[in-house]
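Chain by chain, the residues:
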Amino acid sequence: MAGFAIVTGASSGIGLELARLAAQDGYDLLLVADTPLVDASSQLKGLGVQVENVEADLSTFEGVDRLLAAARGRPVDLLFANAGHGLGHGFLEQDPAEWRHVIDTNITGTVYLLQKVLREMVARNEGRVLITGSIAGHMAGAFQAVYNGTKAFIDSFADAIVNELKDTNVTVTCLKPGATDTEFFERAGMEDTKVGTAKKDDPDDVAKTGYDALMKGERSVIYGFKNKLQVAAASVLGGGFSAEAHRHQAEPGSGS
């Protein structure tokens, strides 16, 4: 058996496909999400590996600790830190409990999980981590301001940790997708936006790009040529431009 992998946000979309790719390479799986995982695990159990589930709220330290307890001390060879939560609409309209949950899931819980797992990996001097960031981290996200801010943190944090661990055999890779055909926009309340109604990238293709980059030990990877152009334009033209461009995509009602 190749080893043991943890996949967060594994109930569907990119996370489920990352789990499938790891299983095809022989890794036993611990799948984690804040929703039931019965359907996800049933799709993977025919691949000849052990598949275990844990339902946990990864916006809390308690949820992360519950996940780690479910691993029962088994060394983690691959960690897919894929859990994330979006939130659309104008910032002033958002319930503080909702934007706090976005921050706690995307930043606090993710950083806590990474610290716990990376300490163990560095002690063994082996292991690979894939963090799902976003091209949103390179853009000022009008009508998605808190979410984009959390991804800016994650994209930057991943680069910093890569540098801190450069003298070890532990690798950290940041996958930066654009709009992907998952439940993200429904859960974020963005179904009536231009980006919510537009054609999106295939989560299977996005996951394969991230998985391949992980296995090569690459620092980061942006999925798709169009997404790379968006990041380049945002970098050159600045925050005011990217905020206005993002507004046209994410403003409520822009998809009608």
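Scroll up for the structure.
Every value quoted in this text rests on a predicted model; they were computed, and no experiment measured them. (Residues numbered from 1 in each chain as written. Predicted model: local features only at pLDDT ≥ 70, side-chain atom pairs only at ≥ 80, totals over all residues. Heavy atoms only, no water.)

## Some details on the overall build of the protein chain
Stated precisely, the cut-off is as follows: Helical segments are the DSSP runs of H or I of at least four residues, strand segments are the runs of E of at least two, and each set is numbered from the N terminus. Here the radius of gyration uses the C-alpha set of atoms, whereas the globule reference equals 2.2 Å times the residue count to the power 0.38. In this scheme, a residue with accessible area under 20% of its type's maximum is buried, one over 50% is exposed, and one in between is partly exposed, where area comes from a 1.4 Å probe on protein chains only.
Across its full length, the protein chain holds 10 helices and seven strands. Taking 256 residues into account, the globule formula puts the C-alpha radius of gyration at 18 Å, and the protein chain, at 18 Å, falls close to it. Each principal axis of the C-alpha distribution contributes one length, and for the protein chain these read about 50 × 40 × 30 Å. Every one of the 256 residues in the protein chain was classed for burial, and the buried ones make up 48%.

## Notes on a nonpolar patch on the surface
Rules: A patch consists of residues exposed above 30% relative accessible area that lack any salt bridge, with like charges linked at up to 9 Å and nonpolar side chains (Val, Leu, Ile, Met, Phe, Trp, Tyr) linked at up to 5 Å. Every accessible area reported is derived by Shrake-Rupley at a probe size of 1.4 Å, with residue values counting cover from the shown protein chains alone. A pair is scored as a salt bridge if a Lys or Arg side-chain nitrogen falls within 4 Å of a carboxyl oxygen belonging to Asp or Glu.
On the surface, Val236, Leu237 and Phe241 cluster together to form a nonpolar patch covering roughly 320 Å² of accessible area. The exposure class of Val236 is exposed, given its relative accessible area of 70%.

## Overview of the nonpolar core
Generally speaking, nonpolar side chains in soluble globular proteins are found buried as a group. Put simply, the rule reads: Residue types Ala, Val, Leu, Ile, Met, Phe, Trp, Tyr and Cys, when buried and joined through side-chain atoms within 4.5 Å, form a set referred to as a nonpolar core.
In this structure, Ala22, Leu29, Leu31, Leu78, Phe80 and Tyr211 are the most contacted members of the largest nonpolar core, which totals 30 residues. Put simply, the parts of the chain that give this core at least two residues each are β1 (3–8), α1 (13–24), β2 (27–33), α2 (38–44), β4 (78–81) and α8 (203–216). Of all hydrophobic cores here, the second largest spans 29 residues; its members include Val64, Ala158, Ile161 and Cys174.

## A few points about helix α10 (residues 239–250)
Short version of the rule: Working rule for helices: expected span equals 1.5 Å times residues minus one. The directions from the helix axis to the C-beta atoms form the arc being described. The contact rule is simple, with two residues in contact once any of their heavy atoms fall within 4.5 Å.
Given a rise of 1.5 Å per residue, 12 residues ought to cover 16 Å, and the 16 Å separating the end C-alpha atoms of α10 matches this to within 8%. Considered for burial, the residues of α10 that qualify are Ser242, His246 and Ala250. Buried residues of α10 fall within an arc of 55° about the axis and therefore sit on the same side. Among the structural elements, α5 (145–164) and α9 (225–237) are those in contact with the buried residues of α10.

## Some remarks on the side chain of Glu17
In this structure, Glu17 sits in helix α1. Glu17 sits in the buried class, given a relative accessible area of 9%. If sequence neighbours within four positions are ignored, Glu17 has contacts with Pro203, Asp204 and Ala207.

## Considering the pattern of salt bridges
This model, assessed by the stated rule, comprises 10 salt bridges. In this structure, the salt-bridge partner of Asp28 is Arg74, at a minimum N-O distance of 3.0 Å. Residue Asp28 is located in strand β2, and its partner Arg74 is located in the loop between α3 (61–70) and β4; the two are separated by 46 residues in the primary sequence. Note that Asp77 and Arg124 form a salt bridge whose closest N and O atoms lie 3.9 Å from each other.

## Quick notes on the environment of Arg219
Which entries qualify depends on this criterion: By the criterion applied in these results, polar contacts are pairs of N or O atoms within 3.5 Å in which, for protein atoms, one can donate a hydrogen and the other can accept it, and in which residues neighboring in sequence qualify only through two side-chain atoms.
Along the chain, Arg219 turns up in the loop between α8 and β7 (220–222). C-alpha separation for the pair Arg219 and Asp159, spaced 60 residues apart in sequence, amounts to 7.1 Å. Setting aside chain neighbours within four positions, we find Arg219 in contact with Asp159, Val162, Val172, Thr173 and Cys174. A distance of 3.5 Å separates a polar atom in the side chain of Arg219 from a polar atom in the side chain of Ser220.

## Structural notes on the packing of aromatic side chains
A ring pair, where both rings are aromatic, is described by two values, the distance of the centres and the angle of the planes. Rules: Pairing of aromatic side chains here covers Phe, Tyr and the six-membered ring of Trp, requires ring centres within 6.5 Å, and sorts the geometry by plane angle: under 30 degrees stacked, over 60 edge-to-face, intermediate tilted. A ring has a charge above it when a Lys NZ or an Arg CZ is no more than 6 Å from the ring centre and no more than 35 degrees off the ring normal.
The final tally for this structure, using the stated rule, is six aromatic pairs. Ring centres 4.1 Å apart and planes at 15° place the aromatic pair Phe61 and Tyr112 in the stacked group. You can see Phe61 sitting in helix α3 and its partner Tyr112 sitting in helix α4 (residues 96–124), a full 51 residues away along the chain. Note on Phe61: relative accessible area 41%, which makes it partly exposed. Residue Tyr112 is classed as buried on the basis of its relative accessible area, which comes to 14%. An aromatic cluster of at least three residues, connected via ring pairs, comprises Tyr147, Phe184 and Phe185. Between the NZ or CZ atom of Lys200 and the centre of the ring of Phe185, over which it lies, the distance is 5.2 Å.

Any link to function would need more than the numbers given here.
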